[in-house]
Amino acid sequence: MKKIEMCRQLDDVYRMDHAVTKAQKEILSAFGIEASHVKYKAACISSVMQEGTK
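The structure presented is a predicted model; accordingly, all values stated were derived computationally and were not measured.

What follows concerns the confidence of the model for the chain. Mean pLDDT over the chain: 90, with 94% of residues reaching 70 or higher. For the chain, the element scoring lowest by mean pLDDT is helix H2 (residues 35-52), at 90; helix H1 (residues 22-30) scores highest, at 95.

In C-alpha cells form, the structure reads like this:
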C-alpha cells in the first residue's frame, strides 16, 4: 500500500503525489473520511506552505 504524500512541483505549489487509491479509499472510509476531504486538506496544506515561503 502506498502512503498519501505531497510534493512540491516545479511551480513551487505542493500537490498530492498520486491519486487516492481504491484501497486507501476503503481504509479512509472506515474512519468516515472521503477522498475528497483528503484532497481538500492537501490544498489547504499547500496554501499554508506557499504563504510560509513568501
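A surface patch of nonpolar side chains, about 300 Å² in accessible area, is lined by Ile 27, Phe 31 and Ile 33. Position of Ile 27 relative to the elements: it lies in helix H1. We classify Ile 27 as partly exposed; its relative accessible area is 40%.

Once that is clear, we can look at the nonpolar core. Within the largest apolar cluster, six residues are counted, these being Met 16, Val 20, Leu 28, Ala 35, Val 38 and Ala 42. Examining the composition of this core, we find that three residues originate from one element, H2, more than from any other. Here Ala 35 is in contact with Val 20 and Lys 25, once residues within four sequence places are set aside.

Next up on the list: the pattern of salt bridges. If you walk through the whole model with that rule in mind, you get two salt bridges. For Arg 8, the salt bridge goes to Asp 12, with nearest N and O atoms at 3.9 Å. Asp 12 sits in the partly exposed class, given a relative accessible area of 47%. The salt bridge partner of Asp 11 is Arg 15, with a shortest N-O separation of 2.9 Å. By relative accessible area, which is 38% here, Arg 15 ends up partly exposed.

Next up on the list: H2. Counted at 1.5 Å a residue, the expected span for H2 with its 18 residues is 26 Å, and the 26 Å between its end C-alpha atoms agrees. The set of residues buried in H2 consists of Ala 35, Val 38, Ala 42 and Ser 46. Seen along its axis, H2 keeps its buried residues to an arc of 80 degrees; they face one direction. Within H2, the exposed residues directed more than 90 degrees away from the buried face are Tyr 40, Val 48 and Glu 51. Here the buried face of H2 lies against strand S1 (6-8), strand S2 (14-16) and H1.

Reading the values: rules and limits
Residues numbered from 1 in each chain as written. Predicted model: local features only at pLDDT ≥ 70, side-chain atom pairs only at ≥ 80, totals over all residues. Heavy atoms only, no water. pLDDT = per-residue confidence, 0-100. Helix = DSSP H or I, 4+ residues; strand = E, 2+ residues; numbered from the N terminus. Patch = residues over 30% accessible without salt bridge, like charges linked within 9 Å, V, L, I, M, F, W, Y side chains within 5 Å. Areas by Shrake-Rupley, 256 points an atom, 1.4 Å probe, with all protein chains shown as cover. Salt bridge = Lys/Arg side-chain N within 4 Å of Asp/Glu carboxyl O. Buried < 20%, exposed > 50% of the residue type's maximum accessible area, 1.4 Å probe, protein only. Core = buried A, V, L, I, M, F, W, Y, C linked by side-chain atoms within 4.5 Å. Contact = heavy atoms within 4.5 Å. Expected span 1.5 Å × (residues − 1). Arc of directions from axis to C-beta.

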